[in-house]
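# Analysis of the macromolecular model
For reference, the chains in residue letters:
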Amino acid sequence: MRVASTDGPELAVFEWGLGAAPAVVLLHGGGLSSAEWTEIAPALARERRVIAFDARGCGASDADPERRYGARTIATDLETVRSAVALERFALVGHSFGAVTACVYAAEHPDVVSAVVLLDGGPADHVRPASLERPPLEFASRDDAAAALARSLPRGFPDWYLDARFETRPNGRLTWRSDMRGRVQWSRDGGEPLIPGLWPYVEALRAPTLVLHGEASPLFPRENAVRMTEVNPLVRLLDVPDAGHFVHIEQPGPVVGAILEVV
């Protein structure tokens with residue numbers, strides 16, 4: 001289904017599972033899409049109602065001509081989606097930049113969020129995501145795109161994942177399934193101050209929260225994850241072996257199991 005945001009761009013919303021089951025909302029990482037949940041969502045849907053949406057400028061959702069791609073805007077869009085699918089209370093799972101949004105939303109909506117799972121994401125010491133520092137905007141071939149993807153996922157990735165990230169044009173070149181150009185400019189214009197400024201939101205969380213940290217993650221420092229458990233006793237940390245930043249892609253089975261223990 002498609003849902004109109006409060007300020008223009010339409011959002012693509014997806015649902016799996018049983019309507020009467022406890023609900024889980026999935027927030028993908030920056031510049032990605034709900035295709036990130038290709039393995040996770042159906043597995044969770046055996047026991048839960050699962051909802052995801054493509055953030056504005058990502059996947060099948062509209063790009064934002066004003067480049068409003070920050071976490072607070074996504075949190076506002078989440079509230080719009082919640083109303084559209086009639087959710088009263090739900091667990092919230094976010095990866096990377098989606099984890100930043102999840103923290104903000106859960107802290108500000110304690111009566112709505114029953115549990116939080118943060119996949120290799122949380123407070124960090126930067127405002128401009130590393131993935132937006134001069135990324136290639138297109139690739140000459142599938143091999144070139146796969147080589148770029150392998151730098152983020154050196155332990156490998158499933159066959160379906162290349163097409164989840166990139167769209168193949170009629171000329172054979174590949175481009176992102178997101179407004180990468182707009183997101184790069186958004187980052188250059190100031191990025192997201194909430195990434196280093198997330199600590200007050202971590203402290204304000206009132207729902208049981210699990211941080212799944214990829215043991216080999218180059219992007220989310222483990223010491224930050226540890227500190228999250230120190231500033232809020234409701235936060236628990238679990239390291240995911242043989243995984244980097246994309247824990248849900250590299251270790252989907254353990255990630256699903258850990259999520260179901262919390263939600």
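Residues numbered from 1 in each chain as written. Predicted model: local features only at pLDDT ≥ 70, side-chain atom pairs only at ≥ 80, totals over all residues. Heavy atoms only, no water.

Before going further, it helps to examine the pattern of salt bridges. Counted by the stated rule, this structure contains 20 salt bridges. Residues D62 and R2 are paired through a salt bridge, measuring 3.0 Å at the closest nitrogen-oxygen approach. Here R2 lies in strand β1 (residues 2–4) and D62 lies in the loop between β4 (49–53) and α2 (71–84), a separation of 60 residues in the sequence. Residue classification places D62 among the partly exposed positions, given a relative accessible area of 30%. Among the ionic pairs, E250 bridges to R155, the shortest N-O distance being 2.7 Å. In this pair, E250 sits in helix α9 (residues 247–250) while R155 sits in the loop between α4 (142–152) and α5 (161–165), placing the two residues 95 residues apart along the sequence. (Salt bridge = Lys/Arg side-chain N within 4 Å of Asp/Glu carboxyl O. Helix = DSSP H or I, 4+ residues; strand = E, 2+ residues; numbered from the N terminus. Buried < 20%, exposed > 50% of the residue type's maximum accessible area, 1.4 Å probe, protein only.)

Spatially, β7-β9-β8 is the arrangement adopted by the three strands of the open sheet, whose pairing is antiparallel. Each having just a single partner strand, β7 (138–139) and β8 (166–168) make up the two edges of the open sheet. Relative to strand β9 (residues 174–176), β8 is paired through three bridges, and the arrangement is antiparallel. Paired with T168 across the strands is L174, a residue of β9. (Pairing = 2+ DSSP bridges.)

Moving on, we get to the packing of aromatic side chains. As enumerated under the stated definition, the model contains seven aromatic pairs in all. Residues F139 and W176 carry aromatic rings whose centres are separated by 6.2 Å and whose planes lie at 55° to one another, so their mutual orientation is tilted. A residue pair is termed long-range when its members are at least 10 positions apart, and F139 in strand β7 and W176 in strand β9 qualify at 37 residues. Taken as a pair, F139 and W176 share a single burial class, namely buried. Note on W160 and Y161: the rings are 5.4 Å apart at their centroids and 90° apart in plane angle, and the pair reads as edge-to-face. Look at Y161 and you get buried, because its relative accessible area is 0%. Linked through ring pairs, F139, F166 and W176 together constitute an aromatic cluster. Its guanidinium or amino end placed over the ring of W199, R227 lies 3.9 Å from that ring's centre, counting from NZ or CZ. (Phe/Tyr/Trp six-rings, centres within 6.5 Å; stacked < 30°, edge-to-face > 60°. Lys NZ or Arg CZ within 6 Å of the ring centre and 35° of its normal.)

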